[in-house]
Structure formats: C-alpha cells, structure tokens
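# Fold and contact review
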Amino acid sequence: MFDYINDNNNQNKLIQKKKNKKLILCLNLIGVMLLIGGGYGIKYIYDQKKDIEEAKLRQQELLASQQKKAKEITDSINNQKKEEENKTNIHRDFSKLKEQNSDTVAWLYVPGTDIDMPIVKGKDNSYYLTHNFDKKSNSMGWAFADYQNTFPRLSTNTIMYGHTYRQTTIFSKLKNVLKDNWLNNENKQKITLDTEKERLIFQVFSVYTIDETNDYLHINFSSTKEYKKYLNKSLKRSIKDFKVKPSTSDKILTLSTCYTDDSQRSVVQAKLIGSY
C-alpha cells in the first residue's frame, strides 16, 4: 500500500518537473522574442531618428546653397549697378562742358551735316531759343533737348530742337538729310549721341518735312498701342524707306528744326541700336 503511494508521488513529481521545464522554456522563448523585438524596436527608432537628422541636414545644406547663390546673384546685380553708376563717357569731357554750362546733357553728331555739338536742356523750351551755350542773349539760340526729357537714362522719345538760319548755324545743315547724296549713303545714317555715361548709336528710320504740328513731339506713351500707332505714322511720313523698322521696345531720337520758314518743320527720327 505505501509502496503504491510512493510510486504515485514520484510520478506526480516527475510530471510537475516536466511542466516546469516546459514553462521555463516558454518563458525563455518569450524573453528571447521580447529581447529581439525590443532590439528591432530600438533599431527602428534609432534609424528613424538618424533619417530625420540626415534629412534636416540635407535640407539645411540645400537651403544654405541657395542662399549663397542668391547672395552671389544679388551681389553681382549690385556690382553691376555700382559700375553703371560710376560709368563715365570716355569720348567727351563732360566735366569741362558742365563748367561752361551746367545745363549740358549730351553731345550730338549727325554725319553729313555740321551738327557736332553739345546739347543743353533748360527749365522750359523757350530759353535756348534766344540764348547761346554761354547763356548769353543770342537770336540763334542753341540746340537743346525738350525740357521734359531725362538724361542720362533716356525717355522713350528724346526730342531735340535747333534753329535754321542761312545754312550756317545750329541745326541749319540738318536739311542736308533731304538730299539724295545723304539719303543714299547708309554710312551717314547713324547718329551718335554721347551722354555723361555712355555713347549711344541711333539708326535713322524716318526723314520728312511737315507743316507745323506737335503730333510728333510725344516723349512718353500711355500704352504700347499708342506708341505703335505713333511709329507707324512716322514711317509713313518718311520720304525714303530706310528698311529700318522700330518696335515698341525701342527708344528713339527725334531732331526737329524749321524747314523753309516757321510754318514748316524738317524732322529726322532714329532708333537706338547700341551703346558703348
């Protein structure tokens, strides 16, 4: 009887021992899985943080690169503006001209005429009709720009006036442009205008005579359409087709003087084609 009870107890202990081993094994497996999972979790968090830091760093690098480029562009523009502001015309001594007359704004040269002279600008369009370059009273006046024009940055249409008298002074020889030997000579059809900043070259596109009118004396235009209409009218008036077509993006030069008498005008118009 007692032997049977002992055997039974031994079997129960053996069974319990096996259960304990299985439980320990399961717990170990769970522990290992938790460790592995935890490791992967930590690695995932680490990798994610690393990716975020790398993304931030790259973004900062790209931003810094763009900011550097933007600064380089800005500095370049500022340097160009500074150079432009400091730029002077090496072809004329404007300092000396301005010492003689502070109203000096340009120097005009028209090939095939005797027009090779300084241009002044008064506070109105009357003063230089009766005053010379030295601001002394003189019935011949002087060649002058419309008082509304701007220099050295030109208006859309830069207009200049001068008297005609016995073919000897101011704009008297401008009428030479009406002659065949001028009209048929392309080398004479480029006008030079020197400002304090640069030398400007204008190509003639229209030459005509007209009864006294102000319809060609427009300096700026309210719209592209208005300017185009003006240019087309100037082209139609020309006594010769110069095969030069100004566009609404061009700046132009208009020279005006009397023709036979005060009731008529002789007009030369040219478009800006270059500067140096």
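For the rest of this paragraph, the subject is the overall build of the protein. If you tally the helices and strands in the protein, you get four helices and eight strands. Written out in order from the N terminus, the α and β elements of the protein read α-α-β-β-β-β-α-β-β-α-β-β. For the protein, buried positions account for 34% of its 276 residues. Counting only contacts in the protein whose residues sit at least 6 apart along the sequence, the fraction spanning at least 24 positions is 61%. Accessible surface, the protein as shown: approximately 18,000 Å² in total, 52% of it carbon and sulfur.

On to the pattern of salt bridges. For the coordinates displayed, the defined rule picks out eleven salt bridges. The shortest N-O distance in the salt bridge between R237 and D215 comes to 2.5 Å. Of the two residues, R237 is situated in helix α4 (residues 224-237) and D215 in the loop between β6 (199-211) and α4; the sequence distance between them amounts to 22 residues. Between K271 and D250 there is a salt bridge whose closest N-O contact spans 3.6 Å. One end of the pair, K271, is in strand β8 (residues 264-275); the other, D250, is in the loop between α4 and β7 (252-258), with 21 residues separating them in the sequence. Considered together, K271 and D250 belong to a single accessibility category, that of buried residues. A cluster of three or more residues bridged by salt bridges with shared partners is formed by R92, D116, D194 and R199.

Once that is clear, we can look at the nonpolar core. The biggest cluster of nonpolar side chains holds 52 residues, and the ones touching the most others in it are L108, M160, F171, I191 and L255. At seven residues, the largest contribution of residues to this core is made by β6. Those residues in contact with L255 that sit more than four places away from it in its chain are L108, V110, M160, F171, L174, I191, S266, V267 and V268.

Among all residues except glycine, the phi angle is most often negative; among peptide bonds, the trans geometry is most common. With an omega dihedral of 0°, the bond running from F151 to P152 counts as a cis peptide bond. Examined against the element boundaries, P152 turns out to sit in the loop between β3 (144-145) and β4 (157-161). You will see that K135, though not glycine, has its phi angle at about 65°, which is positive. The topology assignment puts K135 in the loop between β2 (116-120) and β3.

The tally for this structure, following the rule as stated, stands at six aromatic pairs. Members of the aromatic cluster, connected to one another through ring pairs, are F221, Y227 and Y230.

Take the environment of T257 next. Among the secondary structure elements, T257 is positioned in strand β7. When the C-alpha atoms of T257 and K175 are compared, they prove to be 8.6 Å apart, with 82 residues separating the residues in sequence. In this structure, T257 is in contact with G162, H163, T164, F171, L174, Q264, R265 and S266, ignoring residues within four places of it in sequence. A polar side-chain atom of T257 sits 2.5 Å from a polar atom in the side chain of T164.

Our focus in this paragraph is α4. Under the 1.5 Å per step criterion, the end-to-end length of α4 is 20 Å for 14 residues, consistent within 8% with the ideal 20 Å. Three or more residues of α4 are buried, namely Y227, Y230, L231 and S234. Each buried residue of α4 sits inside an arc of 95° when the element is viewed along its axis, so together they form one side. What points out from α4, more than 90 degrees from its buried face, is the exposed set K225, K228, K229 and K236.

We now examine the confidence of the model for the protein. The predicted model of the protein has a mean per-residue pLDDT of 81, with 67% of residues at 70 or higher. The element-level mean pLDDT for the protein is lowest in helix α1 (residues 2-86), coming to 55, with β4 highest at 98. Low pLDDT, under 50, characterises residues 2-6; the stretch is placed with zero contacts to residues that sit more than four places away or in other chains. In this model, residues 50-63 is a region of pLDDT below 50 whose contacts with residues beyond four sequence positions or in other chains number zero contacts.

In this section: the side chain of T113. With respect to the secondary-structure elements, T113 resides in the loop between β1 (104-109) and β2. At a separation of 2.7 Å, a polar atom in the side chain of T113 contacts the main-chain carbonyl oxygen of V110. Apart from residues no more than four positions distant in its own chain, T113 is found in contact with K173, L174, N176 and V177.

Conventions we followed
- Residues numbered from 1 in each chain as written.
- Predicted model: local features only at pLDDT ≥ 70, side-chain atom pairs only at ≥ 80, totals over all residues.
- Heavy atoms only, no water.
- Helix = DSSP H or I, 4+ residues; strand = E, 2+ residues; numbered from the N terminus.
- Buried < 20%, exposed > 50% of the residue type's maximum accessible area, 1.4 Å probe, protein only.
- Contact = heavy atoms within 4.5 Å.
- Areas by Shrake-Rupley, 256 points an atom, 1.4 Å probe, with all protein chains shown as cover.
- Salt bridge = Lys/Arg side-chain N within 4 Å of Asp/Glu carboxyl O.
- Core = buried A, V, L, I, M, F, W, Y, C linked by side-chain atoms within 4.5 Å.
- Phe/Tyr/Trp six-rings, centres within 6.5 Å; stacked < 30°, edge-to-face > 60°.
- Polar contact = N/O pair within 3.5 Å; in protein donor to acceptor, adjacent residues only side chain to side chain.
- Expected span 1.5 Å × (residues − 1).
- Arc of directions from axis to C-beta.
- pLDDT = per-residue confidence, 0-100.

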